[in-house]
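As a plain string of letters, each chain reads:
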Amino acid sequence: MTTIRNIVILTGAGISAESGLATFRGPDGLWEAYRVEEICTPQALARDPDLVLDFYDQRRRALGSVEPNPAHRALAELDAAWPGELLIVTQNVDDLHERAGAKRMVHIHGELLSAWCTACEGRSRFAGAMLDRPVCPDCGCVGTLRPDIVFFGEMPYEMEMIEAALTRADLFVSIGTSGAVYPAAGFVRLAKAAGARTIELNLDRTTGSGWFDETRTGPAGLLVPQWVGEVLRR
Ligand code: APR
């Protein structure tokens, strides 16, 4: 039984599916209804700002009618109880990990509840509608706020901190992600190179399953509390 001190957990849209938030790929996925190029690129924002702002306004509004599920709550419990290092790296832009109580976490793809001013570069908490062209609270400009979401072609957030955590990891767990998007899809390899044990918890096997020591298939609401129970009882 290897000693586990430092844990890195990667989460994707699948961990929020049972809360009622759409995933991106697979049945009813967001990218079934929209083309990424039309929505999630800087060029799309420049070409059709109303379409892009409305897409994220709708997803921001949806946050008000969903709750964290047992998977989010189990990770928050692990975060609170774990004596070693722990980092939740979420690709999700919802706030369900925070609302479940998670503290040691980072949003690699940004957050729906954050606004980024294209005039002053300031980031501010934002819960309204960008279609209304709100005023930037930092510089007072009107209509310069964009979603603080990492679009395709933009730099993901906190990569140095994440890569440092992966080099120290004894255990890497990937939850509810298809492993379709880099750099997150490559984290399992960095963890393996650091000698970490690697586990995938996902509804189905993914293209990346071959990189994991173990893959468990099923709903996150069932698998994650089970796995957290195992880790805390070690
Ligand atoms: N429990 C566990 N896993 C689930 C569940 C569930 N209830 N429902 C779906 N899944 C799995 C699917 O099998 C799929 O492998 O979650 C995964 C979701 O994959 P994607 O929809 O591709 O979402 P994600 O991996 O988070 O996408 C990564 O792509 O579009 C970008 O920036 C966006 O952060 C996103 C990134």
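Refer to the structure presented above.
Residues numbered from 1 in each chain as written. Predicted model: local features only at pLDDT ≥ 70, side-chain atom pairs only at ≥ 80, totals over all residues. Heavy atoms only, no water.

J.: Help me understand the environment of cysteine 40, please; the structure alone is not making it clear to me.
T.: Looking at the element boundaries, cysteine 40 is found in the loop between helix H3 (36-39) and helix H4 (42-47). Each C-alpha atom of the pair cysteine 40 and phenylalanine 152 lies 6.1 Å from the other, and the pair is 112 residues apart in sequence. The residues contacting cysteine 40, other than those within four sequence positions of it, are Trp31, Tyr56, Val150, Phe151 and Phe152. (Helix = DSSP H or I, 4+ residues; strand = E, 2+ residues; numbered from the N terminus. Contact = heavy atoms within 4.5 Å.)

J.: Please clarify how the packing of aromatic side chains should be interpreted in this entry.
T.: Ring pairs (aromatic) are described by centroid distance and by the angle formed between their planes. Enumeration over the complete set of coordinates arrives at six aromatic pairs. For the pair tyrosine 34 and phenylalanine 55, a centre-to-centre distance of 4.8 Å together with 75° between the ring planes defines the contact as edge-to-face. Of this pair, tyrosine 34 sits in the loop between helix H2 (30-33) and H3 while phenylalanine 55 sits in helix H5 (residues 49-62), placing them 21 residues apart in sequence. With centroids separated by 4.8 Å and ring planes inclined at 90°, the aromatic side chains of phenylalanine 55 and tyrosine 56 adopt a geometry described as edge-to-face. A relative accessible area of 3% means that phenylalanine 55 is categorised as buried. Counting every residue linked through ring pairs, the aromatic cluster contains Phe24, Trp31, Tyr34, Phe55, Tyr56 and Phe151. Sitting over the ring of tryptophan 116, arginine 123 keeps its end group 3.9 Å from the ring centre. (Phe/Tyr/Trp six-rings, centres within 6.5 Å; stacked < 30°, edge-to-face > 60°. Buried < 20%, exposed > 50% of the residue type's maximum accessible area, 1.4 Å probe, protein only. Lys NZ or Arg CZ within 6 Å of the ring centre and 35° of its normal.)

J.: What am I meant to see in the packing of helix H6 (residues 70-81) against helix H10 (residues 220-233) here?
T.: How two helices pack is summed up by the angle between their axes together with the distance between the axes. Running from N to C, H6 and H10 point in directions that differ by 20°, and their axes come no closer than 7 Å. It follows from the interaxial angle that H6 and H10 lie roughly parallel. When the axes of H6 and H10 are compared, the crossing they make is left-handed. The segment H6 lies against H10, with Pro70, Ala71, Ala74, Leu75, Glu77, Leu78 and Ala81 engaging Ala220, Gly221, Val224, Pro225, Trp227, Val228, Val231 and Leu232. A breakdown of the residues in the contact of H6 with H10 according to their chemical character gives 13 nonpolar, one polar and one charged. (Axes fitted to C-alpha atoms, helices over the stretch in contact; angles between N-to-C directions. Parallel < 35°, antiparallel > 145°, perpendicular 65-115°, else oblique. Left-handed = near helix turned anticlockwise from the far one by under 90°. Nonpolar A, V, L, I, M, F, W, Y, C, P; charged D, E, K, R; others polar.)

J.: Any chance you could explain the site of the ligand here in plain terms?
T.: Around the ligand there are 22 residues in total, and Phe24, Arg25, Trp31, Thr177 and Ser178 lie nearest to it. Here an oxygen atom of the ligand and a backbone polar atom of glutamine 91 are 3.3 Å apart. Residue leucine 203 places a main-chain N or O atom 3.1 Å away from a nitrogen atom belonging to the ligand. For the ligand, the accessible surface in isolation is 730 Å², of which the surrounding protein chains cover 91%. Partitioning the shell around the ligand into residue classes produces nine nonpolar, 10 polar and three charged. (Near = heavy atom within 4 Å. Polar contact = N/O pair within 3.5 Å; in protein donor to acceptor, adjacent residues only side chain to side chain. Areas by Shrake-Rupley, 256 points an atom, 1.4 Å probe, with all protein chains shown as cover.)

J.: What's the story with the sheet that holds strand S9 (residues 214-217) in this structure? I'm lost.
T.: Consider a sheet: its strands pair through backbone hydrogen bonds, and that pairing is either parallel or antiparallel. Spatially, six strands are ordered S3-S2-S1-S7-S8-S9 in an open sheet, and the strand pairing comes out parallel. This sheet does not close on itself; its edge strands, each paired only once, are strand S3 (105-107) and S9. Adjacent strand axes in the sheet meet at a mean angle of 15°, parallel and antiparallel pairs treated alike. Pairing geometry for strand S2 (residues 86-90) and S3, over three bridges, is parallel. (Pairing = 2+ DSSP bridges.)

J.: I keep staring at the pattern of salt bridges and nothing clicks. Help me out?
T.: In the structure shown here, the tally under the stated rule is 15 salt bridges. Measuring nitrogen to oxygen at the nearest pair gives 2.7 Å for the salt bridge that ties aspartate 50 to arginine 133. Residue aspartate 50 is located in helix H5, and its partner arginine 133 is located in the loop between strand S5 (123-125) and strand S6 (145-149); the two are separated by 83 residues in the primary sequence. You can call aspartate 50 partly exposed: its relative accessible area is 40%. (Salt bridge = Lys/Arg side-chain N within 4 Å of Asp/Glu carboxyl O.)

J.: Can you help me understand the nonpolar core in this one?
T.: A general feature of soluble globular proteins is that nonpolar side chains tend to end up buried together. Counting residues in each nonpolar core, the largest one holds 26 residues, and the members touching the most others are Trp31, Cys40, Tyr56, Leu145 and Phe151. When residues of this core are traced back to their parent elements, those giving at least two are H2, H3, H4, H5, strand S4 (110-117) and S6. Listed in part, the 24 residues of the second largest apolar core include Ile4, Trp82, Val228 and Val231. (Core = buried A, V, L, I, M, F, W, Y, C linked by side-chain atoms within 4.5 Å.)

J.: Sorry if this is basic, but what is going on with the pairing of strand S1 (residues 7-11) here?
T.: Consecutive side chains along a regular strand alternate between the two faces of the sheet. Of all five residues in S1, five are buried; the element is thus mostly enclosed. Here S1 shows no split at all, with Ile7, Ile9 and Thr11 on one side and Val8 and Leu10 on the other all buried. Here five bridges tie S1 to S2, and the two strands are oriented parallel to one another. Along S2, the bridge assignment pairs isoleucine 7 with leucine 86. Relative to strand S7 (residues 171-175), S1 runs parallel, the two sharing five bridges. The residue of S7 that forms the bridge with threonine 11 is isoleucine 175.

In short, shape yes, function no, at least from these values alone.
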